[in-house]
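Remarks on the overall topology
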Amino acid sequence: MGATGEVHVLSARYDVPDVHTIDVYEQHGGYEGLRRALTMAPSELIDLVKASGLRGRGGAGFPTGLKWSFVAQGTGKPVYLVCNADEGEPGTFKDRPLMERDPHALVEGMIVGGLAIGSEQGYIYLRGEFAFAGRRLAAAIREAYAKGYLGADVMGSGKRYDLTLHRAAGAYICGEETALLDSLEGRRGQPRLRPPFPASHGLYGCPTSVNNVESIATVPYLLRHGAEWFTQWGTEKSPGVKLTCISGEVARPGNYEFALGTPIRDMIEAAGGMLEGREVRFFCPGGSSTPMLTAEHLDLPYTFEDIQGAGSLLGTGALMVYSERTCVVDVTLRFTEFYEHESCGKCTPCREGGFWLSQILRRIETGNGRREDLDLLLELCGNIFGRSFCALGDGMTSPIVSSLTHFREDYEAHVRLGRCPLGVTPPRRDLPTLEPVRAEAALAAIAGGGA
Amino acid sequence: MPITERTREEALVLARRYPMARSALLPILHLVQAEEGYVSEDGIALAAEVLGLTKAEVASVSSFYTMYKREPFGDHLLSVCTNPTCKIAGGQAIYESYVAACGGHIDRERGVMVEHAECLGICDAAPVVQVNYEMYGPVTHDEAMALLEAAARGEVPASNVSGEVPPTFRAVERELSGIDDGVDEHLAAAALRQAQAAVPPAYRSGETDIPVTHPGGDPSGHGGELFRSAAATTEGGR
């Protein structure tokens, strides 16, 4: 295993004054990676990324080099590289700072990625609410065109690359790659059935690779320093460094960068430790859709494989840490309301399931829960998990199943006491009791000509 | 109010940026909000006409996304994050006080709309309020209420995160449309080139590989009318 601990690699330029402008960026090694990439064949570029072991930073952790190697070639269709900058997973705030502070890193990475997969057109699909990041990226793209890094003749190489900044309009689901492509085509952002995969039939039915901001911004560094340099950090299965977002009840929440494999306890320590007088009770290791872990998991090394071994996922690298002062049922309810709101409505289990899960969790949190509700939640989750086009439905079940596994006694206390034991939510007695209409009752109502 | 000719022309410019015109629908709807302050009937009609879609198709898209507002409210949109980290830091209380202070979600007299937002991707500054998509955080309850008052007076201070003073809602929507990004010629030339590829881009339905064409627009399904007219006026498509 390589070195661990806090590092400043991708975030090294964050505090350089005016590095968002092209001249300062160039003074700090900017566009050197592209210069080298222009001397290499596409297959060499893909081999380099493969050798680095870089895994996608958007949540799934799929190897970036492998993804690029799947992009269909020689079809006669244009090939597209799409950057997923629709950062929206609760707890995640790593791509926005990168785009605001070091936007040219993404622009350079996009051009290099384009060379690797034989694409002449890139799209940055940016979350609409990130107005400032959009301003910075638009300015960076303008500068890159003016200096000849973008356009019909990239750095005099005779190769073409164009880059379009596309600002979205507010829908978490568009962070799912096929929903993103539908949205970029001007549709409702709803996931597609796969296969066919975007590598052969993506944007406009053309070969497409969709990659996260951080993954793309890492590639120019690989060109400058080599694949081996990257593997000095992390483990065999999770090499390199990772931008990490630490939030919740820590003293200094913020954006940190760590070598993969750093123990979670050390990461929380780097963020100033817990607020005074508080101790870690539970945390989400990689965003709201990654199952919660508890204080006993604090010594886990932060790698894809170790977190997975503990029953969760590294996700986007968003560590949300909570203490015994925070009601786990309330946090779960809020996450569930999020997924209920953000379900695109395409698949019934996710659309309807989210509604019912919220209803049941709300009645538990407000002191109206019943003992059988706990098993009802698990049963519903079992009927949602794995039954939708995309992973949003699966993500919806993660906080519920994991919190019920680790903190069932919290749920039981809510039911027993008829209120939130921590008093986070005042008990309510005015909630309408909604019951799912049983099929036989509905049929009887129809047969009877009315309700 | 009917949409101006300038907006119509700008919508066409946006459409020419993409090898398939429909891709410009989200940017055009932002442009509509820049002119109308919300997605108006006239705006829907404009997008439909420019892209060769039906108004129902446009409305089905605009209603899917939370940033497209369905009624006018004025110059300032305040979005309060109520996801767990912001909620436990006081975001939920701020949101509820906002709604109480505005007597609902829209206070047309003061030109303010308040909404609860899902995670705004800045949890280290919890609790966070956005004014016209500019971030403020962490804010105390009092600071948040002062921000609402400042917005109602039209004197919003600079963001403590970006250092920028947020433009009005319409101005930020114009920005989001991308119309002023300044690289149009390049993008139009690139789009035209792609539309003329050996096997050009095609509309496809979400689930099959069958190209979908619409009788009203993009008649070939491979670029369409807009590109024929663009080809006539644009040089450098090679």
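A brief structural summary. Note that this is a predicted model, so its numbers are computed, not measured.

Bringing the sheet that holds strand E1 (residues 76–81) of chain B into the picture now. All names here are of chain B. If you trace the five strands from one edge of the open sheet to the other, you get E2-E3-E1-E4-E5, paired in mixed fashion. If you trace the sheet from one side to the other, it starts and ends with strand E2 (106–107) and strand E5 (134–136), each paired once. Looking at chain direction, E1 and strand E3 (residues 112–117) are connected through six bridges and run parallel. Residue pairing for E3: His76 is matched across the bridge by Val112. Relative to E1, helix H6 (residues 91–102) is tilted by about 145°, and along the sheet it contacts E1, E2, E3 and strand E4 (129–131).

On to the interface of chain B and chain A. With 56 residues of chain B at the interface, the matching set in chain A holds 61 residues. Residues of the side of chain B that touches chain A, tallied by class, amount to 30 nonpolar, 14 polar and 12 charged.

Below, the discussion takes up the environment of Gly178 of chain B. Assignment of secondary structure puts Gly178 of chain B in the loop between helix H8 (169–177) and helix H9 (184–195). In the structure, Gly178 of chain B is positioned 173 residues away from Glu5 of chain B in sequence and 18 Å away in space, judged by C-alpha atoms.

This paragraph deals with the packing of H6 of chain B against helix H7 (residues 141–153) of chain B. Residue and element names in this part refer to chain B. Running from N to C, H6 and H7 cross one another at 35°; their axes reach a closest spacing of 10 Å. In this structure, H6 meets H7 at a crossing whose hand is right-handed. Mapping the contact onto sequence places Ala93, Ile94, Ser97, Tyr98 and Ala101 in H6 and His141, Ala144, Met145 and Leu148 in H7. Of the residues that constitute the contact of H6 with H7, the class distribution is seven nonpolar, two polar and no charged.

All right, on to unusual backbone geometry then. Following Arg194 of chain A, the chain continues into Pro195 of chain A via a peptide bond in cis, with omega recorded as -5°. When you line up the elements, Pro195 of chain A lands in the loop between helix H8 (177–184) and strand E5 (208–212). Omega for the peptide link from Ala126 of chain B to Pro127 of chain B comes to -5°, which places this bond in the cis form. Tracing the sequence through the fold places Pro127 of chain B in the loop between E3 and E4. The backbone of Asp18 of chain A sits at a positive phi, close to 60°, despite the residue not being glycine. For Asp18 of chain A, the location among the structural elements is in the loop between strand E1 (5–6) and helix H1 (22–27).

Helical geometry note: an α-helix holds 3.6 residues per turn, so side chains three or four residues apart project in the same direction. All names here are of chain B. The end-to-end C-alpha distance of H6, which contains 12 residues, comes to 16 Å, matching closely the 16 Å that a straight helix rising 1.5 Å per residue would cover. Buried within H6 are the following residues: Gly91, Gln92, Ile94, Tyr95, Tyr98 and Cys102. Looking straight down H6, one finds that the buried residues subtend no more than 160° of arc, so they occupy a single side. The inward-facing, buried residues of H6 contact E1, helix H5 (84–88), E2, E3, E4 and H7.

This next bit is on the environment of Arg108 of chain B. Residues and elements named next belong to chain B. Take Arg108: it is sitting in the loop between E2 and E3. Measuring from C-alpha to C-alpha, the distance between Arg108 and Gly74 comes to 6.4 Å, with 34 residues separating the pair along the chain. Beyond its immediate stretch of four places on either side in the chain, Arg108 contacts Phe73 and Gly74.

Calculation notes
- Residues numbered from 1 in each chain as written.
- Chains lettered and ligands numbered in written order.
- Predicted model: local features only at pLDDT ≥ 70, side-chain atom pairs only at ≥ 80, totals over all residues.
- Pairing = 2+ DSSP bridges.
- Helix = DSSP H or I, 4+ residues; strand = E, 2+ residues; numbered from the N terminus.
- Contact = placed C-beta atoms within 7 Å.
- Axes fitted to C-alpha atoms, helices over the stretch in contact; angles between N-to-C directions.
- Nonpolar A, V, L, I, M, F, W, Y, C, P; charged D, E, K, R; others polar.
- Left-handed = near helix turned anticlockwise from the far one by under 90°.
- Expected span 1.5 Å × (residues − 1).
- Buried ≥ 20, exposed ≤ 12 C-beta atoms within 10 Å, placed from the backbone.
- Arc of directions from axis to C-beta.

By themselves, these figures tell us nothing about what the structure is for.
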